[in-house]
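Coordinate analysis (summary)
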Amino acid sequence: MKKRNYLLLIVATVLFANTAFTQISTRRNDSVNVKLGARPVAGDMALVFAYPIFTSVDSFSFKIHNMLQNSNFLTVKYYLHDDLVLRAGLKLYKSSLKSKGDIADTNAIIGMSTDSMSSNSLKNSKREYCIALGLEKHFSGSNIFDVYMGGDLYAGLGRDITIEDYEYKFQKNTPSDFENIEKKTKTSIFGFAGVIGVNIFIAQLPVSVGLEYGLNAKWTLGGKTKVTQDQVVNGKASSAEYYTQGNDPFGVADNNKYKTLKKGQFNMDTNHDVRIVLHVYFK
């Protein structure tokens, strides 16, 4: 009886294996058509990231692309047509620090001398606003390679203000002396850039990697520091107003105080900033 059961089991196993093999060997795989690119079209958008592979030592270029570093532009592209793209970049920066305090009396501490300053109020504020707008024209209709040329116009405003207020007390029951200093530096930046680039689209991913280089020109206006200084010493008030600059046009530290001062800078160069560019496309 047992031998008969074993025989039936073996026959059933062989028949099942033969059926399964027949089904596998006759099954047809689904056809797959894999595209080699995901070229953007009108209405698409792209986030732009860049990594510099060459930047000259005295590079003055406006870092329009986002390199994921501090003070970089937030950049985006919008496809007006399949071959015409709007480029836009925005940079907003602001920092403000301040402190105010009364100086402690150290007369009771042996070995410590009393500082004549009794209080101070210190403030520093920096801000920078920049915008860049441009267009790029795409020439290649390939679904793998993408060649384009473009240009950007950009403008920026910056301001740095430092305020120092000091109060001095030399003797009790006498009026305090004051010193108020304000330093203000304003900067305006205008420029344009021409760019040549090539993209390679990666499989079906909405991603392309490319290379960009070109021409950059920038005008920097302002940059001088206006200093306003008011004092009250022994009840007598005085004031002064003058201009300073950190370095002269030769790069040498300048400690002079100017009655009038004009500053300006212009730079232009080609291929001083070559970068790898990553585009991430979306609708």
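Since the structure is predicted, the reported quantities are computational estimates derived from the model, not experimental observations.

1. Focus on the overall build of the protein
Within the protein, the regular secondary structure consists of one helix and 10 strands. Reading the protein from its N end, one meets helices and strands in the order α-β-β-β-β-β-β-β-β-β-β. The buried share of the protein, taken over its 283 residues, is 28%. Excluding contacts between residues fewer than 6 apart, the proportion of contacts in the protein whose partners are at least 24 apart in sequence is 67%. Just so you have it, the protein exposes about 19,200 Å², and 60% of that area is on carbon and sulfur atoms.

2. Notes on the packing of aromatic side chains
In total, this model carries five aromatic pairs according to the counting rule given. Ring geometry for Phe 192 against Trp 219: centres 6.1 Å apart, planes inclined by 45 degrees, an arrangement best described as tilted. With a gap of 27 residues between them, Phe 192 in strand E6 (residues 177-201) and Trp 219 in strand E7 (residues 207-233) connect regions that are remote in the sequence. Judged by relative accessible area, which is 37%, Trp 219 ranks as partly exposed. When the ring of Trp 219 is compared with that of Phe 266, the centres are 4.7 Å apart and the planes differ by 40 degrees; the resulting orientation is tilted. Within this pair, whereas Trp 219 is found in strand E7, its partner Phe 266 is found in strand E9 (residues 264-270), the two being separated by 47 residues in sequence. Taken together, Tyr 79, Phe 201 and Tyr 281 form an aromatic cluster joined through their ring pairs. The positively charged end of Lys 224 is found above the aromatic ring belonging to Tyr 243, 4.6 Å away from the centroid.

3. Describing unusual backbone geometry
The phi dihedral of Ala 203 falls on the positive side, at around 45 degrees, and the residue is not glycine. Tracing the backbone through its elements, the reader meets Ala 203 in the loop between E6 and E7. A positive phi angle, near 55 degrees, is found at Asn 234, a position not held by glycine. One can find Asn 234 in the loop between E7 and strand E8 (236-244).

4. Brief notes about the pattern of salt bridges
Counted under the stated rule, the structure contains 11 salt bridges. Between Glu 212 and Arg 87 there is a salt bridge, and its shortest N-O distance comes to 3.6 Å. In this pair, Glu 212 is assigned in strand E7 and Arg 87 in strand E3 (residues 84-102), connecting sequence segments 125 residues apart. Arg 87 carries the same exposure label as Glu 212, and that label is buried. Residue Arg 275 is joined to Glu 212 by a salt bridge in which the shortest nitrogen-to-oxygen separation is 3.4 Å.

5. Focus on the pairing of strand E5 (residues 145-168)
For strand E4 (residues 117-138) and E5, the ladder comprises 21 bridges, and the chain directions are antiparallel. Note on E5: the bridge partner recorded for Ser 121 is Asp 165. Pairing of E5 with E6, which is carried by 24 bridges, proceeds in the antiparallel orientation. The partner of Asp 160 across the bridge, within E6, is Thr 185.

6. Thoughts on the confidence of the model for the protein
For the protein, the average pLDDT comes to 82, and 77% of its residues sit at 70 or higher. Here residues 20-27 is modelled with pLDDT under 50, and outside its nearest four sequence neighbours on either side it reaches zero contacts, counting other chains as well.

7. Observations regarding the pairing of E6
Summarising the sheet, E6 and E7 pair through 23 bridges and their orientation is antiparallel. Bridge pairing links Ala 193 to Asn 216 in E7.

8. Thoughts on the side chain of Glu 164
When you line up the elements, Glu 164 lands in strand E5. Note on Glu 164: relative accessible area 17%, which makes it buried. Of the polar contacts made by the side chain of Glu 164, one reaches the side chain of Tyr 166; its length is 2.7 Å. The residues touching Glu 164, leaving out its near neighbours within four places in the chain, are Ser 121, Leu 122, Glu 179, Asn 180, Ile 181 and Lys 183.

9. Brief notes about the environment of Glu 182
Relative to the helices and strands, Glu 182 resides in strand E6. Accessibility expressed as a relative area gives 30% for Glu 182, which makes it partly exposed. Taking the C-alpha atoms as reference points, Glu 182 and Thr 228, 46 residues apart in sequence, are found 5.2 Å from one another.

10. Side note on the environment of Asn 234
Taking the relative accessible area as the measure of exposure, Asn 234 reaches 72% and is therefore exposed. For the pair Asn 234 and Pro 175, spaced 59 residues apart in sequence, the C-alpha to C-alpha distance is 7.4 Å.

Reading the values: rules and limits
- Residues numbered from 1 in each chain as written.
- Predicted model: local features only at pLDDT ≥ 70, side-chain atom pairs only at ≥ 80, totals over all residues.
- Heavy atoms only, no water.
- Helix = DSSP H or I, 4+ residues; strand = E, 2+ residues; numbered from the N terminus.
- Buried < 20%, exposed > 50% of the residue type's maximum accessible area, 1.4 Å probe, protein only.
- Contact = heavy atoms within 4.5 Å.
- Areas by Shrake-Rupley, 256 points an atom, 1.4 Å probe, with all protein chains shown as cover.
- Phe/Tyr/Trp six-rings, centres within 6.5 Å; stacked < 30°, edge-to-face > 60°.
- Lys NZ or Arg CZ within 6 Å of the ring centre and 35° of its normal.
- Salt bridge = Lys/Arg side-chain N within 4 Å of Asp/Glu carboxyl O.
- Pairing = 2+ DSSP bridges.
- pLDDT = per-residue confidence, 0-100.
- Polar contact = N/O pair within 3.5 Å; in protein donor to acceptor, adjacent residues only side chain to side chain.

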